[in-house]
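# Understanding the architecture of this molecule
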Amino acid sequence: MLTVNNIQVYYGAIQALHGISFEVNEGEIVTLIGANGAGKSTTLRTISGLIRAKSGLIEFMGQDITKTPAHKIVKMGLAHVPEGRKIFPNLTVHENLLMGAYTKSDRTEIAASLENVFQRFPRLKEREKQHAGTLSGGEQQMLAMGRGLMCKPSLLILDEPSMGLSPILVEEIFNIIQEINQLGTTVLLVEQNAFMSLQIAHRAYVLETGRILLSGTAADLQANPKVRSAYLGDV
Ligand code: ATP
């Protein structure tokens, strides 16, 4: 479904990605793990067209999207839920969700998407008319994910959904990610919380300073001594 081939990305003179390659197959949850500054968010932002690769190739659903503008990539069925959620605090929950459906014009389809999101996130339904800025951190993450789902993506990209959440909420969010996947959405998940993301992912890639250091099934990486000591807190 998604193939990233040898992308190199720079911020000015500084090289952030030194030739990253990986793939996401239909139906999978794939996770990219790595420390702060490893290049995880840069990789996601390059895939969704928010920044440009200097070289390399990105294909989504068999089409070259390396130079495709971000809004067209969303229309093709790829939704990106950014780090820090980036919800609109002064708009209501309902209005924020509608923003996620901007690629759609069919009202019946939008209403059905909204119903579907409310089913997945009943708490958002309860708070439909509330300003998004008044939601708790966990609810804001649900809203950001709900907004991403409003365009009915085939690939949902999540950047650090666990950031700033209590362990119980992290577990709830990760359960929801798994449910979304089981209902047919492919997921690319970026996380510093390697412990949780390896529990729900099928496959994983470890990033370090803009390079892929290791890759394998989530079970293989969970058992890998290097991953255990560097990312899973084993001593
Ligand atoms: P984090 O979890 O902290 O976001 P990350 O793995 O997502 O980490 P990136 O945010 O992709 O890492 O950053 C990769 C590298 O690129 C880092 O060295 C970072 O300092 C640099 N970088 C990121 N954004 C910019 C920017 N807008 N301008 C210059 N350098 C940047």
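Remember, predicted model here, so these are calculated numbers, not experimental data. (Residues numbered from 1 in each chain as written. Predicted model: local features only at pLDDT ≥ 70, side-chain atom pairs only at ≥ 80, totals over all residues. Heavy atoms only, no water.)

### Remarks on the packing of helix H6 (residues 137–149) against helix H7 (residues 167–182)
Contact geometry of H6 with H7 gives a least axis separation of 10 Å together with a crossing angle of 15°. In terms of orientation, H6 and H7 fall into the roughly parallel class. In the crossing of H6 with H7, the sense of the turn from one axis to the other is right-handed. Contact with H6, carried on its side by Gly-138, Gln-141, Met-142, Met-145 and Leu-149, involves Leu-169, Glu-172, Ile-173, Ile-176, Ile-177 and Ile-180 of H7 and no other residues of that element. Of the residues assigned to the contact of H6 with H7, the class counts are eight nonpolar, two polar and one charged. (Axes fitted to C-alpha atoms, helices over the stretch in contact; angles between N-to-C directions. Helix = DSSP H or I, 4+ residues; strand = E, 2+ residues; numbered from the N terminus. Parallel < 35°, antiparallel > 145°, perpendicular 65-115°, else oblique. Left-handed = near helix turned anticlockwise from the far one by under 90°. Contact = heavy atoms within 4.5 Å. Nonpolar A, V, L, I, M, F, W, Y, C, P; charged D, E, K, R; others polar.)

### A closer look at the site of the ligand
Among the 13 residues in the neighbourhood of the ligand, the closest are listed as Asn-36, Gly-37, Lys-40, Ser-41 and Thr-42. Contact distances for the ligand include 2.7 Å between an oxygen atom and a backbone N or O atom of Ser-41. Taking 630 Å² as the accessible area of the ligand by itself, protein coverage stands at 61%. Its residues placed into classes, the shell around the ligand shows four nonpolar, six polar and three charged. (Near = heavy atom within 4 Å. Polar contact = N/O pair within 3.5 Å; in protein donor to acceptor, adjacent residues only side chain to side chain. Areas by Shrake-Rupley, 256 points an atom, 1.4 Å probe, with all protein chains shown as cover.)

### Looking at the side chain of Arg-203
Along the chain, the position of Arg-203 falls in strand S9 (residues 203–208). A distance of 2.8 Å separates the side chain of Arg-203 from the side chain of Tyr-205, its partner in a polar contact. Excluding residues that lie within four positions of it along the chain, Arg-203 makes contacts with Glu-23, Val-24, Asn-25, Glu-28, Ile-29, Val-30, Thr-31, Gly-216, Thr-217 and Ala-218.

### Digging into the domain arrangement of the protein
Taken domain by domain, the protein consists of domain 1 (1–77 + 156–162 + 181–232) and domain 2 (79–152). Inter-centroid distance (C-alpha atoms) of domain 1 to domain 2 is 24 Å. Counting residues at the interface gives 17 residues for domain 1, matched by 14 residues for domain 2. Looking only at domain 1, the three residues that lose the most surface to domain 2 are Val-74, Leu-156 and Asp-159, adding up to 36% of its buried area. Between domain 1 and domain 2 we count zero salt bridges in total. (Domains from an automatic or database assignment. Buried area = accessible area lost by both parts, 1.4 Å probe. Salt bridge = Lys/Arg side-chain N within 4 Å of Asp/Glu carboxyl O.)

### Considerations on the packing of aromatic side chains
Going through the model one piece at a time under the given rule, you end up with one aromatic pair. Look at Phe-22 and Tyr-205: their rings are 5.4 Å apart centre to centre, the planes differ by 55°, and that puts the pair in the tilted class. With Phe-22 in strand S2 (residues 14–24) and Tyr-205 in strand S9, this residue pair connects regions lying 183 residues apart in the sequence. Relative accessible area serves as the criterion here: at 4%, Phe-22 is assigned to the buried category. According to the relative accessible area criterion, Tyr-205 is buried, its value standing at 8%. Cation over ring: Lys-54 sits above Tyr-10, and NZ or CZ is 4.6 Å from the ring centre. (Phe/Tyr/Trp six-rings, centres within 6.5 Å; stacked < 30°, edge-to-face > 60°. Buried < 20%, exposed > 50% of the residue type's maximum accessible area, 1.4 Å probe, protein only. Lys NZ or Arg CZ within 6 Å of the ring centre and 35° of its normal.)

### So, H6
With 13 residues, H6 ought to run about 18 Å at 1.5 Å a step, and its terminal C-alpha atoms sit 18 Å apart, in line with that. The buried fraction of H6 amounts to twelve of the 13 residues, a majority that puts the element mostly inside the structure. When we look at burial in H6, the residues that qualify are Gly-138, Glu-139, Gln-140, Gln-141, Met-142, Leu-143, Ala-144, Met-145, Gly-146, Arg-147, Gly-148 and Leu-149. In this structure, the buried residues of H6 make contact with strand S6 (78–81), helix H3 (93–99), helix H4 (107–120), helix H5 (122–126), strand S7 (155–159) and H7. (Expected span 1.5 Å × (residues − 1).)

### Some details on the sheet that holds strand S8 (residues 186–191)
With respect to topology, six strands assemble into an open sheet ordered S6-S7-S8-S3-S9-S10, the strand pairing being mixed. One side of each edge strand has no neighbouring strand; the edge strands of this open sheet are S6 and strand S10 (211–217). Geometrically, the sheet is characterised by an average inter-axis angle of 15° between neighbouring strands, direction not taken into account. By the bridge criterion, five bridges tie S7 to S8 in an arrangement that is parallel. By the bridge assignment, Leu-155 is partnered in S8 with Thr-186. Contacting strand S3 (29–33), S7 and S8, H7 runs over the sheet at an angle of about 155° to S8. (Pairing = 2+ DSSP bridges.)

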